[in-house]
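# Structural overview for review
Single-letter residue listing:
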Amino acid sequence: MADPRQGPPVPPKHNINTNGLTAQFEDLLRTRRLNDLADRSQSQLRKDSPEPLCRASFASRPSPQQTSRPPTDQPNALPAYSSLRNHPKIATPPQDPASLRFCSQLRALSVRPTKYENPGLLDEALAVIPLDHIYGEAEDESSLLQAEAASMGGNAKPKWGHQDCVVRALLRIFLFLRLQPPCSYCGMPTVKRGFTPPSADEVARGANKVELYQCSDVNCGSYERFPRYGDVWALLQTRKGRAGEWTDCFTMLCRAMAVRARYVWNSEDLCWTEVYSEYHKRWIHVDACEEAWDNPRMYAEGWGRKLGYCIAFSVDGATDVTRRYIRNASTHGADRNRAPEEVILWIMNDIRRTRRENTSKEDRKRLFIEDEREEKELRGYVIQALAASVGKLLPGQINAAGQEPKHSNHQTGAEIWQQAQAHNPSFDQNRDRFPREGP
């Protein structure tokens, strides 16, 4: 029985952790701010983009105990996430008509490398190239590079591996592009006069159009047909083609020699090849029409061309490699307005998934590792470009990116035309002009 003299019972004292309450309150405010910013980001993206995002970012997903809150109009609020350039892209399927058209175009181009895998075609290709000469030159160059590395001492390694030397030897003996076919009667240069329908035999060999040329000699004036064959074997037989046909041919020859290769399509009507170097574990730029090796900045910084999209297609999928060829998008980049970047990412992933669905688990793992390594390489080019831009702003700093090999100037069609006409006695430089030039 309680003693009445002790008075009413005193409630027990609880230890209140003020620091813990402060931390919980700060977490609550931080979570609310993140939700507000995420809601504002989503509303801004829906306003700027014609198609909705398929899913929100992780910051926009509220916890089960929280509900979404309307954005606040605080004057000192932080900028929305949409204003940040480094937020990760979420692959989004195409929805608008322009994106769907571009997706169809890239899907059609992704089928192109599959024709390189025809065993009969590859055997026929090996029969028309001097394998002994190619492998002999490759062996000599590989031995020379190994000797140079040994003379440097230490852990120096050769600049290129033996497989790289094989491709370099193939590049040196490859047939070069001719802008227009010479006259088959007198050997003089020809002038393009337009197009003519292909014959039945030309259609059967894959020609979808035929260019018509006329001899530049007034005493001859004969016409020359120039079928644009889509069949690589027909090109090896006729030895007539342009950059697209010759790139196809060279890529197919690389595959015939057991070298991994892919066809690079450019939205500005350029094309070239990339071969995979097992020695360096990276893709190497090769342009068979220009005899260019590992010089990806040639088009933008050498020729002054502005490039928009550079997509590499192989039997294993597709990759957007524009960052390898455009280091400064503000200076050398063309508009990329055919589809949003999220859609481009979705198309690349979809083509890869289609091409690799029948491969083994080990091959898919190997290709995934290569994709991650290449993505790291492409990001490194962006970082190098930013560092070079900052270095130019600092006085007395040397731009490390300036140590790239010098880019050869591209010879225009007018210059080649004038050189060819120099052998024509009736040619007048002030009177006669290249067909593509204005009056």
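Up top you'll find the structure we're talking about.
Okay, so let's go over this structure.

Parameters and conventions
- Residues numbered from 1 in each chain as written.
- Predicted model: local features only at pLDDT ≥ 70, side-chain atom pairs only at ≥ 80, totals over all residues.
- Heavy atoms only, no water.
- Phe/Tyr/Trp six-rings, centres within 6.5 Å; stacked < 30°, edge-to-face > 60°.
- Helix = DSSP H or I, 4+ residues; strand = E, 2+ residues; numbered from the N terminus.
- Buried < 20%, exposed > 50% of the residue type's maximum accessible area, 1.4 Å probe, protein only.
- Lys NZ or Arg CZ within 6 Å of the ring centre and 35° of its normal.
- 1 Å grid on protein atoms, 1.4 Å probe; cavity = no way out; pocket = protein on both sides within 12 Å on 5 of 7 lines; lining within 4 Å.
- Points joined across faces, edges and corners; volume = space filled by probe spheres on them.
- Nonpolar A, V, L, I, M, F, W, Y, C, P; charged D, E, K, R; others polar.
- Core = buried A, V, L, I, M, F, W, Y, C linked by side-chain atoms within 4.5 Å.
- Contact = heavy atoms within 4.5 Å.
- Pairing = 2+ DSSP bridges.
- Salt bridge = Lys/Arg side-chain N within 4 Å of Asp/Glu carboxyl O.

Let us look at the packing of aromatic side chains. Two aromatic rings, taken as a pair, are described by how far apart their centres are and by the angle between their planes. Summed over all chains, the structure comprises 10 aromatic pairs. A centroid spacing of 5.3 Å and a plane angle of 80° characterise the contact between phenylalanine 174 and phenylalanine 250, whose relative ring orientation is edge-to-face. You can see phenylalanine 174 sitting in the loop between α5 (162-173) and β1 (190-196) and its partner phenylalanine 250 sitting in helix α8 (residues 243-256), a full 76 residues away along the chain. Residue classification places phenylalanine 174 among the buried residues on the basis of a relative accessible area of 6%. A residue is classified by how much of its surface remains accessible, and phenylalanine 250, at 0% relative accessible area, is buried. One aromatic cluster in this structure is built from Trp272, Tyr299, Trp303 and Tyr325. Over the face of the ring belonging to tryptophan 283 we find arginine 262, whose NZ or CZ atom lies 4.0 Å from the ring centre. Positioned above the aromatic ring of tyrosine 381, the side-chain terminus of arginine 327 is 3.9 Å from the ring centre.

Applying the stated criterion to the full structure yields three cavities of 30 Å³ or more. Roughly 100 Å³ of internal volume is contained in the largest cavity. Forming the walls of the largest cavity are 14 residues, and the residues nearest its centre are Arg262, Trp283, Ser314, Arg356 and Asp371. At the level of secondary structure, the elements contributing two or more residues to the lining of the largest cavity comprise β9 (317-320), α12 (341-356) and α13 (361-393). Looking at the lining of the largest cavity, its residues break down into three nonpolar, three polar and eight charged.

The next point concerns the side chain of serine 142. Tracing the backbone shows serine 142 in helix α4 (residues 131-152). According to the relative accessible area criterion, serine 142 is buried, its value standing at 5%.

In this section: the nonpolar core. Formed by 49 residues in total, the largest nonpolar core has its most connected members in Leu106, Phe250, Trp265 and Val275. In this view, tryptophan 265 contacts Phe102, Gln105, Leu106, Leu109, Leu270, Tyr309, Cys310, Ile311, Phe313 and Arg338; residues no more than four positions away in its chain are not counted. Val264, Trp272, Met298 and Ile326 belong to the second-largest nonpolar core, a separate cluster that totals 14 residues.

With that out of the way, let us pick up the pairing of strand β4 (residues 261-266). Here β4 lies mainly inside the structure; six of its six residues are buried. Burial along β4 is two-sided: Ala261, Tyr263 and Trp265 and Arg262, Val264 and Asn266, pointing in opposite directions, are all buried. Taken together, the five bridges between β4 and strand β5 (residues 271-277) define a ladder with antiparallel strand orientation. Following the sheet pairing, valine 264 is matched in β5 by tryptophan 272. Where β4 folds back onto β5 in an antiparallel hairpin, the turn is made up of four residues, including aspartate 269, whose phi is positive at roughly 70°. Relative to strand β8 (residues 310-314), β4 runs antiparallel, the two sharing four bridges. In the sheet register, asparagine 266 faces β8, and the bridge partner there is cysteine 310.

Turning to the pattern of salt bridges, a few remarks are in order. Scanning the entire structure with this criterion turns up 26 salt bridges. Linking glutamate 370 and arginine 260 is a salt bridge whose minimum nitrogen-to-oxygen distance equals 2.8 Å. Separated by 110 residues along the polypeptide, glutamate 370 in helix α13 and arginine 260 in the loop between α8 and β4 bring together distant segments of the chain. Each member of the pair, glutamate 370 together with arginine 260, is buried. Where aspartate 294 meets arginine 282, a salt bridge forms, and the shortest distance between an N and an O atom there is 3.0 Å. Here arginine 282 lies in strand β6 (residues 282-287) and aspartate 294 lies in the loop between β7 (292-293) and α9 (298-302), a separation of 12 residues in the sequence. The exposure class assigned to aspartate 294 is partly exposed, which follows from its relative accessible area of 23%. Look at arginine 282 and you get partly exposed, because its relative accessible area is 23%. Each of Arg260, Asp316, Asp363, Arg366 and Glu370 takes part in salt bridges that share partners, so that together they form one network.

Interpretation in functional terms is not warranted from these geometric data alone.
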